[in-house]
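What the coordinates show
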Amino acid sequence: MSPSPTTALRTGTSVRLHGVTKTHPNGPSLVRALDGVTLDLAAGSFTAVMGPSGSGKSTLLNCAAGLDTPTSGRIAIGDTELVGLSPDQLTRFRRDRIGFIFQSYNLVDHLTVTENVRLPLLLGGARPDPAWERYLLEAVGLTGMERRLPRELSGGQAQRAAIARALIARPAVVFADEPTGALDSRTGAQVLSVLRTTAQELGQTVVLVTHDAAVAAAADEVVFLQDGRLAGRVRGASVDEIALRISELAR
Ligand code: ADP
Ligand code: MG
């Protein structure tokens, strides 16, 4: 990958959650999707979030990214407290500082790769930076595919386009919800490596939900959730150790 044409990147943004709870009404009772999560992720860290289905991973990510509002608790991205921002402020903050990658890519069918990648800039009224765009497309291995439509891409290519789109506005923090979940393991590993490399170059903080112990083992730290609560954090664990831990939580 060639060196980034841009040096003025916003780096060094931490993600902090304090006592974050999210409940949903469920008939006469409440579902606690998140139940008092306190978590401090250092600026520039790469964190994997794991846990059984329904343990609150997506809710955690959506709340931390400002896509969803917690019922109680505080969330800070860098110096900005999300709770208390107006909807407009939140939208602007998200657009400027946060990249989000979904399992299902969420590319717009009738737009080309380039148009999809530029979309966040257009929505934000920012002008595309051709050098940066070329750099990103090269970084994710899509040079030469700029004019393809999503249906002309493989799953791995579509997810790499979604990564370029998530990075185009140079977000300080990138959230990814099972970005490799719909891909075979080899393609998943490639996509992950792209995400890791660009994050490192940009000094981004990355929070990634995954079911894949091999993906999680490549992170600096793995955070486990169970029943909406933090169920442990490990650093430097092997694939086998992580797989064992997750099978214990799923019991
Ligand atoms: P995960 O991503 O770990 O599978 P989620 O964060 O999607 O878990 O969901 C956590 C819990 O909250 C689950 O029990 C889920 O059914 C519930 N939940 C999530 N969103 C809603 C909603 N909009 N309404 C009701 N329950 C919800
Ligand atoms: Mg989920």
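Coordinates for the structure precede this section.
Summarised in this report is the structure supplied together with it.

Rules behind the numbers
- Residues numbered from 1 in each chain as written.
- Chains lettered and ligands numbered in written order.
- Predicted model: local features only at pLDDT ≥ 70, side-chain atom pairs only at ≥ 80, totals over all residues.
- Heavy atoms only, no water.
- Near = heavy atom within 4 Å.
- Polar contact = N/O pair within 3.5 Å; in protein donor to acceptor, adjacent residues only side chain to side chain.
- Areas by Shrake-Rupley, 256 points an atom, 1.4 Å probe, with all protein chains shown as cover.
- Helix = DSSP H or I, 4+ residues; strand = E, 2+ residues; numbered from the N terminus.
- Nonpolar A, V, L, I, M, F, W, Y, C, P; charged D, E, K, R; others polar.
- 1 Å grid on protein atoms, 1.4 Å probe; cavity = no way out; pocket = protein on both sides within 12 Å on 5 of 7 lines; lining within 4 Å.
- Points joined across faces, edges and corners; volume = space filled by probe spheres on them.
- Core = buried A, V, L, I, M, F, W, Y, C linked by side-chain atoms within 4.5 Å.
- Buried < 20%, exposed > 50% of the residue type's maximum accessible area, 1.4 Å probe, protein only.
- Pairing = 2+ DSSP bridges.
- Axes fitted to C-alpha atoms, helices over the stretch in contact; angles between N-to-C directions.
- Contact = heavy atoms within 4.5 Å.
- Phe/Tyr/Trp six-rings, centres within 6.5 Å; stacked < 30°, edge-to-face > 60°.
- Lys NZ or Arg CZ within 6 Å of the ring centre and 35° of its normal.

The next subject is the site of ligand 1. Around ligand 1, the surrounding shell consists of H24, V31, A33, P52, S53, G54, S55, G56, K57, S58 and T59. Here an oxygen atom of ligand 1 and a side-chain polar atom of T59 are 2.5 Å apart. Relative to its unbound accessible area of 560 Å², ligand 1 is 58% covered by the protein chains. Those elements that place two or more of their residues in the shell around ligand 1 are β2 (29–41) and α1 (57–64). Looking at the shell around ligand 1 element by element, the count peaks at three residues for α1. For the shell around ligand 1, a count of residues per class yields three nonpolar, seven polar and one charged.

Right, let's get into the layout of surface pockets. For the largest pocket, the calculated volume is near 490 Å³. R94, R95, I98, F100 and P120 are the residues nearest the centre of the largest pocket, which is lined by 18 residues in total. Within the residue set of the lining of the largest pocket, elements represented by two or more residues are α2 (87–97), β6 (98–101), α3 (113–124) and α5 (155–167). Partitioned by chemical class, the residues of the lining of the largest pocket number 12 nonpolar, three polar and three charged. There is about 180 Å³ of room inside the second largest pocket. Lining of the second largest pocket is provided by 13 residues; of these, R95, D96, L121, A126 and A169 occupy positions nearest its centre. Classifying every residue of the lining of the second largest pocket by side-chain character gives six nonpolar, one polar and six charged.

Further remarks concern the nonpolar core. In terms of nonpolar packing, the biggest core is built from 46 residues, with I163, L208 and I242 touching the most fellow members. At seven residues, α5 tops the list of elements feeding residues into this core. Formed by 27 residues, the second largest nonpolar core is a distinct cluster that contains V20, L34, L39 and A65.

Our next topic: the sheet that holds strand β3 (residues 46–50). Ordered by their spatial adjacency, six strands build an open sheet running β6-β7-β8-β3-β9-β10, and the pairing between neighbours is mixed. Of all strands in the sheet, those bounded by a partner on one side alone are β6 and β10 (229–235). The sheet shows a mean angle of 20° between the axes of neighbouring strands, direction not considered. Here β6 runs beside strand β7 (residues 173–177); their pairing, made up of four bridges, is parallel. Bridged to I98 within β7 is V173. Here α2 sits on the sheet and contacts β6 and β7; the angle it forms with β6, its principal contact strand, is near 80°. The strands touched by helix α8 (residues 239–250) within the sheet are β3, β9 (221–226) and β10, with β9 carrying the most contacts at an inclination of about 10°.

A full pass over the atoms with the stated rule returns three aromatic pairs. Centre to centre, the rings of F100 and F102 are 4.7 Å apart; their planes meet at 40°, and the pair counts as tilted. Judged by its relative accessible area of 12%, F100 is buried. Each member of the aromatic cluster is reached from another via a ring pair, and the members are F100, F102 and F175. Stacked on the ring of F46, the Lys or Arg R196 has its end atom at 4.7 Å from the ring centre. A cation sits over an aromatic face here: R245 above F224, 4.9 Å from the ring centre.

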